[in-house]
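The residues making up each chain are set out below.
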Amino acid sequence: MNQLNELDYGTPAKQSEKSVVLEIDGVSVEVAAGTSVMRAAAEAGINVPKLCATDSLEPFGSCRLCLVEIDGKKGYPASCTTPCESGMKVKTQTPKLADIRRGVMELYISDHPLDCLTCPTNGNCELQDMAGVTGLREVRYGYDGENHLKMKKDESNPYFTYDPSKCIVCNRCVRACEETQGTFALTIDGRGFESRVSAGQMDSFMESECVSCGACVQACPTATLTEKTVIMMGQAEHSKITTCAYCGVGCSLKAEMKGNEVVRMVPHKNGQANHGHACVKGRFAWGYATHKDRITKPMIRSKITDPWREVSWDEALTYAASEFRRIQAKHGKDSIGGITSSRCTNEETYLVQKLVRAAFGNNNVDTCARVCHSPTGYGLKQTLGESAGTQTFDSVMKSDVIMVIGANPVAAHPVFASQMKRRLRQGAKLIVIDPRTTEMVKSPHVQADYHLKLRPGTNVALITALAHVILAEGLQKEDFVAERCDQKSYADWKEFVLRPENSPEMMADIIGVPADQLRGAARLFATAGNGAIYYGLGVTEHAQGSTMVIGIANLAMATGNVGREGVGVNPLRGQNNVQGSCDMGSFPHELPGYRHVSDSTVRGAFEQAWGVTLSPEPGLRIPNMFDAAMDGSFMGLYCEGEDIVQSDPNTQHVTAALAAMECIVVQDLFLNETAKYAHVFLPGSSFLEKDGTFTNAERRISRVRKVMPAKGGKSDWEVTVALSEALGYPMNYQHPSQIMDEIAALTPTFRGVSYAKLEKLGSIQWPCNDAAPDGTPIMHVHQFVRGKGKFINTQYFATDEKVTPKFPLILTTGRILSQYNVGAQTRRTENVEWHSEDRLEIHPHDAEDRGIKEDDWVGIESRAGQTVLRATVTERVQPGVVYTTFHFPESGANVITTDNSDWATNCPEYKVTAVQVMPVSQPSAWQKQFSRFTEQQLKLLQGQAGHAAEAAVTK
């Protein structure tokens, strides 16, 4: 997979049922109608010189290098902006064209530093290449007149340098910022000779609206915009294509390497989820993989107040296995369990659940998807018959109206957000349902037609009110419902929805949104054409999370918006492999493929393949594990790649449960918050150190490829295999491809998946089986997976988490662009320059009532606990609502979230916590204890005695 240099066709491909035939340099060429002459030539193996053109951007026609001669046409048209016509005869190489091109290149070079031998892009510079291609051998114009050679570099961005002295004003970076990213942060300042690229109003890149996605760097044909890693390390020698380990978009990236060191990560232009784009995290924030905090040696200790002791892999694994067996002998077979990670590969996750079921002998396995998207699995399974989103990301380009509920793609799924915004700029309508004014509500050339700024916790009331309008006004698609859906459930649902108490007028006071806005949004969604719904954790992380997912599915079915391009129900998965971790059987009641452990036929297939008898009883969910630990019946935990102390609600309850356990085995990159309570630490491997697959939010399975040796000596899958061996249950795999073969053999939706097919197709969207050998981009095309779509009533119940005079505000949580999840990765990169702490957003009215000003320290107290953050006073939140992120452990965002959870899945209610906010002058008691405990654990990591740690743990 060494693809260091990819062919650039100059202009984007065109899709057309018509084709045209023309002649280029005597060669007959057939291309789709609308194709540029430049691209037609490239497809025929004829490369026309170019500088301002690249196939990721629409043609611009400014550099004048790509001029051609066309029989019957005057002058020398630019091949990038000239569409092919049938019968055209084109010449790309004539003496006159060569003379013109040399003259153009001479002018470019006359105002360009001649420092090629010391330039960081030497050998990978299009300007340098074109000087050679055009045969430029001398420059007649000296540097005596005006030039730009002394212009000062902008080094403000931590990841790339802007050197205006090398800018040829080709506009590619500006166009990339507009067309690819959609931020519109760059412009051309000045006119004629004075023109240069500018970030904002001549701001530095860090002061501007630039989001550091790297599209401008990728587009630049010179050394004007260059990664600092390239400046420091030089040009890469080889590359491998892999998949980003951040959000659920699943961007395909090229790791460009020098030996075993990454020089840079470049978005792969043929990536089927990202089409050559990336964000600041995937493009630049990979340095955590070689960070000094990485723990690369196995460690053990008897108590968490003991110093860590580095040991061999054999000793660590033998110790962990013996402790697990000791605990089971003492407390019973069900006294231990495991937690899989949505940051790990499908193969690794599959092995952990297999370890728990086959080697531990129980079903006590759960995953972090429990705390984010488990209601998606339940709600979509009940209504549509499959626990996954219905579309491919590209489907959004056929949408006429887009509804975004409880999600901020700009911050959490930025590459998909860029694609969505592209469609909105083309004219699609937008409805945003969110208690906060997110970047989706208004950004350059994008504005929501409706922003339903509801009260947190009233999602279900809102979705039912929207359905009421649609049914009351006869806007539903009765023909779709009659053909595709269960009629009895539809009749029951229709009767329920049309009750007067579900009307917008009756619901408006509960929801906090005027009835006319609810009616307008409902009409727009039902009548604008193809309607697509995209939702995030603002839907699922509620006491009625599953009910809301059901309500979304109801709405999509009633309006006929399922089963084709441009429509659908689309959960935006937060982490890179949330979908995959669910697919692989990480829940205590389900085997891989979402099949219940009580199904004897399914269980029999696994028993035969695994050579063991499996328990038919569902195991413990994560919250049940904590409760059982507190009552002394759950005493051992294997936690791979997950930081439950920071990510799970009610932190103090979590830490109390962990402190009560007798053996916790953590497998991770760093001594995270959970590892501070561990007795065995097994070094994990980053995505750069492993082979496997991730499954993104569109069910797309993509390859992860090992580009460097594992720092700890073992990839994560090898660690699980070794632990299973130590427990007396051998797993005989030599490569992750064999694990995928087993997954495919045992899981109907993966039946046709193999590494060989992934190499051939690039990626596959499941289901992939005999019925769909190349995968399934769009689900439920002819019928729903369950047969007839099922409508389910969505009665609104107010959350138990009520505001009171003591706790008068509602806290809700979310993410920010530069940081990711618990921050273990991004906090160890330069991304902290954008976001170095979690802040509390508070409305100016609420701030004034409390005497709070910008940057003040404020205490946030809930029924569960108290923490302290700095305030950001902003109208992005509505009065009565405050907001924070959870990327920094010392913030203690989950110290104040409660144990409330979804009725069906135990997904925590992170989005609704009643709090009081007041000015303070010192950290909270929890934060002080956290600091003491962390300091002691770091000392114990260095092998220092732990007398003081005993007090820090028990205090």
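Scroll up for the structure.
In short, a report on the structure.

Calculation notes
All residue numbers here refer to positions counted from 1 along the written sequence of the relevant chain. In keeping with the predicted nature of the model, local features appear solely for residues at pLDDT of at least 70, side-chain atom pairs appear and are counted solely at 80 or more, and the whole-chain, interface and lining totals rest on all residues. Here the side-chain values reflect all heavy atoms present in the structure, with hydrogen atoms and water set aside. We count a stretch as a helix when DSSP gives it H or I for four or more residues in a row; a strand needs E for two or more, and each element gets its number in order from the N terminus. Our radius of gyration looks at C-alpha atoms and nothing else; its globule reference is 2.2 Å times the residue count to the power 0.38. Burial status follows relative accessibility: with a 1.4 Å probe on protein chains alone, a residue under 20% of its type maximum counts as buried, one over 50% as exposed, and anything between as partly exposed. Two residues qualify as a contact provided that any one of their heavy atoms is within 4.5 Å of a heavy atom in the partner residue. We treat two strands as partners when DSSP finds at least two bridges between them. Patch definition: residues with relative accessible area over 30% and no salt bridge; like charges joined within 9 Å; nonpolar side chains (Val, Leu, Ile, Met, Phe, Trp, Tyr) joined within 5 Å. Surface accessibility in these figures is a Shrake-Rupley result with a 1.4 Å probe; residues are shielded only by whichever protein chains are displayed. Basic side-chain nitrogens of Lys or Arg form a salt bridge, by our definition, when they fall within 4 Å of a carboxyl oxygen of Asp or Glu. Every definition here rests on a 1 Å grid over the protein atoms only: cavities are sets of points where a 1.4 Å probe fits but cannot get out, pockets are open sets enclosed by protein on both sides within 12 Å along at least five of seven lines, and lining residues have some atom within 4 Å of a point. Grid points are joined across faces, edges and corners, and a volume is the space filled by probe spheres set on the points. Following the grouping adopted for this structure description, the nonpolar residues are Ala, Val, Leu, Ile, Met, Phe, Trp, Tyr, Cys and Pro, the charged ones are Asp, Glu, Lys and Arg, and the polar ones are all others, Gly among them. To define axes, lines are fitted to C-alpha atoms, for helices over the stretch in contact only, and angles between the resulting N-to-C directions are given on a 0 to 180 degree scale. Should an angle fall under 35 degrees it is called roughly parallel, over 145 degrees roughly antiparallel, and 65 to 115 degrees roughly perpendicular, with every other angle called oblique. What makes a crossing left-handed is the near helix being turned counterclockwise from the far one by less than a right angle; a clockwise turn instead makes it right-handed. Stacked, edge-to-face and tilted are the three classes for Phe, Tyr and Trp ring pairs, Trp counted by its six-membered ring, which pair at centre distances within 6.5 Å; planes under 30 degrees apart are stacked, over 60 edge-to-face, the rest tilted. Charge over a ring is defined by NZ of Lys or CZ of Arg lying within 6 Å of the ring centre and within 35 degrees of the ring normal. The term nonpolar core refers to a set of buried residues drawn from Ala, Val, Leu, Ile, Met, Phe, Trp, Tyr and Cys, joined through side-chain atoms within 4.5 Å. Each polar contact in these results corresponds to two N or O atoms within 3.5 Å; when the atoms are within protein, one needs to be able to donate a hydrogen and the other to accept it, and residues that are neighboring in sequence are counted only if both atoms are side-chain atoms.

Here we come to the overall build of the protein chain. Helix and strand content of the protein chain: 30 helices and 36 strands. On C-alpha atoms alone, the protein chain measures out to a radius of gyration of 29 Å, which is about the 30 Å that the 2.2 N^0.38 rule sets for 955 residues. Dimensions along the principal axes, computed over C-alpha positions, put the protein chain at roughly 90 × 70 × 65 Å. Residues counted as buried form 63% of the 955 residues belonging to the protein chain. Contacts in the protein chain between residues at least 24 apart in sequence constitute 72% of all its contacts with a sequence separation of at least 6.

A separate point is the pairing of strand β34 (residues 866-873). As paired strands, strand β32 (residues 839-842) and β34 are joined by 4 bridges and run parallel to one another. The residue of β34 that forms the bridge with Leu 840 is Ala 871. The pairing of strand β33 (residues 857-862) with β34 spans 5 bridges and is classified as antiparallel. Directly across from Val 858, in β34, lies its bridge partner Leu 869. Where β33 hands over to β34, the hairpin turn is made up of 3 residues, counted between the paired strands.

A contiguous nonpolar surface patch, about 260 Å² in accessible area, is contributed by Leu 107, Val 139 and Tyr 141. Along the chain, Tyr 141 turns up in the loop between α3 (126-133) and β5 (160-162). Classification of Tyr 141 by relative accessible area gives partly exposed; the value is 39%.

Okay, the layout of surface pockets next. As a volume, the second largest pocket reaches approximately 830 Å³. Elements with a minimum of two residues in the lining of the second largest pocket: α11 (409-412), α12 (414-425), β18 (442-443), β32 and β35 (881-885). With 4 residues, α12 is the largest single contributor of residues to the lining of the second largest pocket. For the lining of the second largest pocket, the per-class residue count stands at 13 nonpolar, 13 polar and 10 charged.

In this section: the sheet that holds β33. Read around the closed barrel, the 6 strands follow the order β31-β35-β32-β34-β33-β36; overall the barrel is mixed. Looking at each pair of strands side by side, their axes are set apart by 45° on average, direction ignored.

Two elements in contact, helix α2 (residues 95-110) and α3, have axes separated by 10 Å at closest approach and are oriented at 140°. One finds that α2 runs oblique with respect to α3. α2 and α3 meet at a crossing whose hand is left-handed. Note on element contacts: α3 touches α2 through Leu 127, Met 130 and Ala 131, opposite Met 105, Tyr 108 and Ile 109.

What follows deals with the pairing of strand β36 (residues 913-919). Side chains on a regular strand alternate between the two faces of the sheet. Burial analysis of β36 places 5 of its 7 residues in the buried class, the great majority of the element. Across 3 bridges, the pairing between strand β31 (residues 809-814) and β36 is antiparallel. Bridged to Ile 810 within β36 is Ala 914. Pairing of β33 with β36 involves 5 bridges; the strand directions are antiparallel. In the strand pairing of β36, Gly 859 is matched with Met 918.

Turning next to the packing of aromatic side chains. Tallied over the full model, the rule gives 20 aromatic pairs. Taken together through their ring pairs, the aromatic side chains of Tyr 159, Phe 160, Tyr 162, Phe 205, Phe 284 and Trp 834 make up a single cluster. The ring of Tyr 9 has Arg 39 lying over it, and the distance from NZ or CZ to the ring centre is 4.4 Å. Just above the ring of Phe 784 sits the side chain of Arg 484; from NZ or CZ to the centre is 4.6 Å.

Below, the discussion takes up the sheet that holds strand β11 (residues 261-267). Spatially, the 3 strands line up as an open sheet ordered β9-β10-β11, and their pairing is antiparallel. Only two strands of the sheet have a single neighbouring strand rather than two, namely β9 (238-243) and β11. Pairwise comparison of adjacent strand axes, ignoring direction, gives a mean angle of 30° for this sheet. Pairing geometry for strand β10 (residues 252-258) and β11, over 6 bridges, is antiparallel. Looking across to β11, one finds that Leu 253 is bridged to Pro 267.

Here the residue pair Trp 766 and Pro 767 is connected by a cis peptide bond, since its omega of 0° sits within 30 degrees of zero. Residue placement: Pro 767 occurs in the loop between β30 (763-765) and β31. Of note, the phi angle at Arg 64 is positive, near 65°, even though the residue is not glycine. The residue Arg 64 is located in the loop between α1 (37-43) and β3 (69-70) in this model. Even without a glycine there, the phi angle at Asn 906 is positive, about 65°. Tracing the backbone through its elements, the reader meets Asn 906 in the loop between β35 and β36.

Another aspect to go through is the nonpolar core. Judged by nonpolar contacts, the single largest core of 71 residues is most densely connected at Phe 160, Phe 205, Leu 225, Ile 402, Met 420 and Leu 430. Looking at which element gives the most residues to this core, the answer is α12, with 5 residues. With residues near it in sequence (within four places) discarded, Phe 205 still touches Asp 154, Ser 156, Asn 157, Phe 160, Tyr 162, Leu 186, Ala 199, Cys 210, Cys 216 and Leu 225. Formed by 62 residues, the second largest nonpolar core is a distinct cluster that contains Trp 313, Phe 606, Trp 610 and Tyr 755.

Here we take up the side chain of Glu 227. Examined against the element boundaries, Glu 227 turns out to sit in strand β8 (residues 225-227). Of the polar contacts made by the side chain of Glu 227, one reaches the side chain of Arg 264; its length is 3.1 Å. When sequence neighbours within four positions are dropped, the list of residues in contact with Glu 227 reads Tyr 159, Phe 160, Val 217, Arg 264, Arg 283 and Phe 284.

Taken N-terminus to C-terminus, the directions of helix α13 (residues 459-472) and helix α15 (residues 487-497) make an angle of 100°; their axes are 9 Å apart at the nearest point. By the criterion of interaxial angle, the relationship of α13 to α15 is roughly perpendicular. Only Tyr 490, Trp 493, Lys 494, Phe 496 and Val 497 of α15 make contact with α13, whose side of the interface consists of Thr 464, Ala 467, His 468 and Leu 471. Partitioned by chemical class, the residues of the contact of α13 with α15 number 6 nonpolar, 2 polar and 1 charged.

Our next topic: the side chain of Ser 195. In this structure, Ser 195 sits in the loop between β6 (186-189) and β7 (196-199). Separated by 2.7 Å, the side chain of Ser 195 and the backbone oxygen of Gly 192 make a polar contact. Not counting residues up to four positions away in its chain, the partners in contact with Ser 195 are Val 169, Ile 188, Asp 189 and Gly 190.

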